[in-house]
Amino acid sequence: MLIHTMFPASRYSIQAQRSIRALKTVKAEHAPPQLYTWRWKCSSAVTPRITSHYTICPRDKDPRWEGVEMERFADEADVVIVGGGPAGLSAAIRLKQLANEQEKELRVCLVEKASQIGAHTLSGACLEPSALNELFPDWKERGAPLNTPVTEDVFSLLTKKYRIPIPMLPGLPMNNHGNYIVRLGHFVRWLGEQAEALGVEIYPGYAAAEVLFHEDGSVKGIATNDVGIAKDGSPKDVFERGMELHAKVTLFGEGCHGHLAKQLYRQFNLRENCEPQTYAIGLKEVWLIDEKKWRPGRVEHSVGWPLNRNTYGGSFLYHLNEGEPLVALGVVVGLDYTNPYLSPFREFQRWKHHPFIAKTLEGGNRIAYGARALNEGGYQCLPKVTFPGGMLIGCSPGFMNVPKIKGTHTAMKSGMLAAEAIFPKVTAKDLASETAGLHVPEYEDNLKKSWIWKELYSVRNIRPSFHNYFGLYGGMVYTGVFYWILRGKEPWTLKHAGLDSAQLKPAKECTAIEYPKPDGKLSFDLLSSVALSGTNHEGDQPPHLTLKDDSVPVANNLAIYDGPEQRFCPAGVYEYVPLETGEGMRLQINAQNCVHCKTCDIKDPSQNINWVVPEGSGGPAYNGM
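Residues numbered from 1 in each chain as written. Predicted model: local features only at pLDDT ≥ 70, side-chain atom pairs only at ≥ 80, totals over all residues. Heavy atoms only, no water.

Residues of helix α11 (residues 451–458) that are buried include every one of Ile452, Trp453, Glu455, Leu456 and Ser458, and no others. Considering only its buried residues, α11 is in contact with α9 (408–426), α10 (442–449) and α12 (472–486). Between the side-chain oxygen of the N-cap and the backbone nitrogen of Ile452 there are 3.2 Å, and the N-cap of α11 in question is Ser450. (Buried < 20%, exposed > 50% of the residue type's maximum accessible area, 1.4 Å probe, protein only. Helix = DSSP H or I, 4+ residues; strand = E, 2+ residues; numbered from the N terminus. Contact = heavy atoms within 4.5 Å. Polar contact = N/O pair within 3.5 Å; in protein donor to acceptor, adjacent residues only side chain to side chain.)

Geometrically, a pair of aromatic rings is defined through the distance of the ring centres and the angle of the planes. On inspection of all chains with the given rule, the structure shows 15 aromatic pairs. Measuring from ring centre to ring centre gives 5.7 Å for Phe136 and Trp190, while their planes differ by 75°; the resulting arrangement is edge-to-face. Highlighted residues: Phe136 in the loop between α4 (130–135) and β5 (148–149) and Trp190 in helix α5 (residues 184–198), separated in sequence by 54 residues. Its relative accessible area of 4% is what places Trp190 among the buried residues. Centroid distance Phe187 to Trp190: 6.0 Å. Interplanar angle 20°. Geometry classified as stacked. In this pair, Phe187 and Trp190 both sit in helix α5, three residues apart, roughly one turn of the helix. Across the pair, Trp190 and Phe187 agree in class, each one buried. In textbook terms, an aromatic cluster arises when at least three aromatic residues are bridged by ring pairs, as seen for Phe213, Phe252, Phe268 and Phe387. Its guanidinium or amino end placed over the ring of Trp65, Arg59 lies 4.4 Å from that ring's centre, counting from NZ or CZ. Taking the ring centre of Trp611 as reference, the NZ or CZ of Lys598 above it sits at 4.4 Å. (Phe/Tyr/Trp six-rings, centres within 6.5 Å; stacked < 30°, edge-to-face > 60°. Lys NZ or Arg CZ within 6 Å of the ring centre and 35° of its normal.)

Bringing the pairing of strand β3 (residues 108–112) into the picture now. β3 sits mainly inside the fold: five of its five residues count as buried. A two-sided burial pattern is seen for β3, the buried positions comprising Val108, Leu110 and Glu112 on one face and Cys109 and Val111 on the other. Pairing geometry for strand β2 (residues 72–82) and β3, over four bridges, is parallel. Counterpart to Val82 in the pairing with β3 is Val111. In the classification by handedness, the crossover that spans β2, the intervening helix α3 (residues 86–101) and the parallel β3 is right-handed. (Pairing = 2+ DSSP bridges. Right-handed = clockwise from strand over helix to strand, strands pointing away.)

Below you can see the structure in the form of structure tokens.
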């Protein structure tokens, strides 16, 4: 295998290319994990074949894979980090800071599925700099791209035609005094540069596809994705096995609803003592507007229209100060909504027609689009985050402060706390552990003593308070009375409604929503929007949106819920089309459109969709989203 095919030239992979000489060939010790126990056949005379991925159609039962070389390279590191977001990079940076301060050798490797650091990063984003101040007190001198301090906070309750201003009182979660409006992808890219300068080995374009385990059950490391597999699941002539990265401790910072984290929850029963996680989908655009309407540093948030009172959500519109009149805007919709006819994308498009929003956008040009799921469960939904050989950091376990709509500062801090707990263990001369993979429970202990825990506990009841007859209005009253006055010290903890996938009502019990046609000026169609995300996947590969059972979409989702995946997906991945015979329908998966938001995996009422990683480098190519 040629070195350049494993690690293409990149400013983040210089040390990786040097270390490749140390790689050794080992037999693959772990067959691809059987994630599900559903009885499923890879071909059927009744149901058209959709899924061809090896996690559903095992290779050992496929004669086309007989005789194919399945050996993998393996490499050793002290710490392996999955995910090049704020949490993973902060952990890597803190580890190297500690190693350099104490003059100790420490090899830290980070893998990121995007082609470049920051290419899959999407957030509002209004950044609270608390964790950054701790990580780099001199961040301004280092040139961190925090160019827009917040100068003005505006909060609104929208009706269909009007705006009701809501005072932004000091101490409320949405008060942004001291924060910065950022393009998070640019900030993450800057963190990557700082990490590389400290000696972190960063491998962009390599998706962690599998968790590896020692014989005693502890985490051994990860394996990156295989490449060169045809859409029908057969090996191409250019097939190459992924590589294994082994470590004393592996940190999983995949972001919201991580592919590997799902496996770890099951393997170690990490969600035994918490509520099911609940989520939202955030849709975002960047616009270049008329300079006369530009107010650098202005932060606008709203609740209400176009969502009804029982659908949780809100909007943002941030005025950036980066040399040209840019605004970042978007809508967040809680995925516990009940009407299968609701389309978060189309709600976003019609929101822009509200007079209060349209006056900013009219005459402007949309230049970027993207979408991402985000954790909304908060304190009640935090899983156990340590286990033998590994840890969960960042948005993967769900450290987002929902009322603030902020998770970057908590994600960074969690990565830093993980690094500080790991460092003395992995550098100890008399390394002792009951398991082959190090178990570091001190990380969870330190989390509970940190400001992350205090912050999430104080706002724990705000999100579930919306589950009342009055919905939005009841939640706002609760926030005003109990949070603003008691600061989260009330002696009770409210519960969420349960799994988002279980909240949809049958279509026959709901009213279809009539959405206006896009005008091409303020509102747009789905496919032209996806084109602005830069999304691309190698076309001839198995769809990474896998189905446990190919017959379920038509038999259950279409029959009962009128095919909600056509509406909750923000990228046009799923559509129902007529069978070639003209009788009946079939589900078509346009995997090349996928922006990796994970909404389908979360909201599918049948829980039949399992999102797995595609070939590395595939997905959106966000520029500062």
